[in-house]
Each structure stands twice: as C-alpha cells, then as structure tokens.
Amino acid sequence: MIILGIETSCDDTGVAVVEADSKGCRILSNIVSSQTKVHAPYGGVVPNLAARAHLKNIKPCFERALKEAKNPKIDLIAVTVGPGLIPSLLVGVNFAKALAYAQKIPITGINHIEGHIYANWLLSIQNSKFPILCLVVSGGHTQLILMEGYGKYKLLGETRDDAAGEAFDKTAKLLGLGYPGGPILAQKAKEGNPRAFDFPRPMIRANNFDFSFSGLKTAVLYLVRGLRDSPQSLGTVPISDICASFQQAAIDVLVSKTIRAAKKYKTKTIMLSGGVAANQELRKQLKNEIEKNLPNANFHVPPIKFCGDNAAMIAAVAFYNRKRGQSPLRGLSPSGTI
Ligand code: KG4
Ligand code: ZN
C-alpha cells in the first residue's frame, strides 16, 4: 500500500510517500522544509510564525513529495495529530482532511512520539524482539517507554521539566551559541573536555525513570554568571569545555536510567530516537553501555536523517497500526481517531 505522511507538529513541514508491504517500508519521497531562519531571531520556535510558515510550505512540499514518488495512487493519508503546537498541528490536519475529503482517501491520525519510535522501522527491523525499551529524546519530550508488543505501550518515566533537546537549546542560547542550539552545542563539545566542570546529574539516583534537566541548565547559568563576575573572565574558559561537560552530564543521566530500566524490565531490544538521538556521543555511549551491561540485547537507532521530525516516520506508524489495534500513548487520543 502507498501511504502519504504529513507532519507539522512543530517547526518542520514534512510530507512523505512511503510504500509498505509485508517486507516493510520503502521511502519513495521524504520532504522536510525547515523553518530555522524564521525562528532564529527569536532564539526559539514562535508557534504562530510556525503555523504561517507551514501554511506557506505545505502545498509545495506535498507537490514535491508526489513528484519525487512519481505520482502513485495514495491508499491512506497519515497525519500527526499530537502532541505538538496546536497552531502548527492544525495546518497539517486540515490540509490532510481536505485532501482526504476531495480525493476520497481514508485518513488516520498519528501520535508524534509513536512516529519517532517508528523511525526505527523505516529501514526495516521486522523481527525486533519484544519487550522493547524506547528512549525518545526530542525538543519537546524525554520519555522512557516500554513497548510490550505492537501498540502496547507503558510509559516508564519522563521529564518533569525541560526535555533533553530543550535543555541543549536553552544552554546553547545562554552560552550565546545561536539557534537551533542542540547541534551547535554538540559540535562545540567535540573540542572540549567533558570532565572540566562537574555539573549535576539530576535524578540519576532517584528510584524511578523520570528525568529533570532544568537544574542542569541552571548550573551552567550560575557558572557563566560567576565567571563573568569574577576577575577571571569567561573568555579564559573555553566554551567547548562547558559544552562538553554539560553534554556529558545529560548523557550520563539518559544512559544510566535507560540501562537500569532495561535491566529491570528485561528488555531484549533498546531503541533510541527523536531529534537528540542525532547526538553522536549519546549514540556511542549508549551503545557501549548496552554492550557492557546487556550483552544479549539489541540496540537500534535511526540514521541521523530520520532522528528529527519527518513525515516518513508518521507514514510508518500508519502501516504498522494496521497490524494491530490502537495506540494508547499518553498525551492524545489514540492514533486512528481524527
Ligand atoms: O525531534 P525533533 O526534531 O523535534 C521535536 O519533536 O522536538 O527534535 C529537535 C531537538 C532540538 O531540541 C534540537 O536541538 C535537538 O533535537 N538536537 C540535538 C542534536 N540535533 C538535534 N541535540 C543534541 N545534539 C544534537 N546533535
Ligand atoms: Zn519530534
């Protein structure tokens, strides 16, 4: 079957055409139009500006996606219905509904977080062994989800304040690194010493699978302020050391909680996904710790181009939804209702 995916939950307009059958998914096109330039002057996503940009971009993205896919007949439209910014979501949902109505194509609503998880299925993992532990780390979410089977999810823990990506972005902003901060901070961290500053590892020892990143961001703020106020200026401390130390603190918490959850729930597979999964150090260190602590478990992470928001992952959920019932992930009505 041919599925048209539409994703407008935040600041990326995504339209994709995916062909799916018993062998899995093949991406015929996957167009992503980024709004970085629109939001850069504000240092973060402005929801109403995001909605305007989606309105401008969605039709050209749709036309390009169809053209690249060589205009196949669409069997199903899959559109992200949440979680996300309401003004942004409305653009994609209304576009999808109008298209479905005009062309009499069935339509299904998709959970964005489930989309990130299924980015791992885009290049075929047909025989993943359940239970699967999913660490979803994005600009809006940080969640540890136990997937016991197709459509069977249990939320083990999530952030109590900032999401991991949000912490990267805000820390980058306070260091004056620009927008979007996550990838820039990660790049700077490559040249720095991760042990230069002993930042807190919030909730690392807490007896649960929740996270908290706002204290870590504040610790960086206090360090920067202290350096500014002291006779020794911030200029004498390499920013790259602050970046590397911040990044290491965030990774330590993410990796330690993931390993602990995997051991407790005896998971056979661990999957990393979401925008922050593009972070090379996180990918490497999580992989190493899994090999060390859980030698029999498989580790999967999508190629970097599928970590951030895209519509191919949304189409993939729609296909695998057909194999099962509903998707009771918290935060929105189940996939399927629209
Ligand atoms: O999944 P995503 O594209 O959008 C949301 O659903 O939020 O994730 C975007 C987030 C941003 O916070 C961005 O800074 C972060 O992912 N990010 C990174 C890296 N690349 C993107 N964070 C750390 N290191 C990276 N290399
Ligand atoms: Zn996302």
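Structure: see above.
Residues numbered from 1 in each chain as written. Chains lettered and ligands numbered in written order. Predicted model: local features only at pLDDT ≥ 70, side-chain atom pairs only at ≥ 80, totals over all residues. Heavy atoms only, no water.

**Details of the pairing of strand β8 (residues 152–158)**
- Pairing between strand β7 (residues 142–149) and β8: six bridges, direction antiparallel. Among the inter-strand pairings, Leu146 is bridged to a residue of β8, identified as Lys154.
- In this structure, the hairpin formed by β7 and β8 is closed by a connection of two residues, where Gly151 is found at a positive phi of approximately 80°. (Pairing = 2+ DSSP bridges. Helix = DSSP H or I, 4+ residues; strand = E, 2+ residues; numbered from the N terminus.)

**Let's talk about the sheet that holds β7**
- What the five strands build is an open sheet, ordered β8-β7-β6-β9-β10; its pairing is mixed. The strands lining the two open edges of the sheet, one partner per strand, are β8 and β10 (298–300). For this sheet, the mean angle separating the axes of adjacent strands, direction not counted, is 20°. (Axes fitted to C-alpha atoms, helices over the stretch in contact; angles between N-to-C directions.)

**A short note on the packing of aromatic side chains**
- Following the criterion strictly, the structure yields 12 aromatic pairs and no others.
- Consider the rings of Phe62 and Phe95, whose centres lie 5.4 Å apart with planes at 70°: the pair is edge-to-face. Taken as a pair, Phe62 in helix α2 (residues 47–68) and Phe95 in helix α3 (residues 86–103) lie far apart in primary sequence, 33 residues in all.
- With a centroid separation of 5.1 Å and an interplanar angle of 75°, the aromatic rings of Phe319 and Tyr320 are classed as edge-to-face.
- Residue classification places Phe319 among the buried positions, given a relative accessible area of 11%. (Phe/Tyr/Trp six-rings, centres within 6.5 Å; stacked < 30°, edge-to-face > 60°. Buried < 20%, exposed > 50% of the residue type's maximum accessible area, 1.4 Å probe, protein only.)

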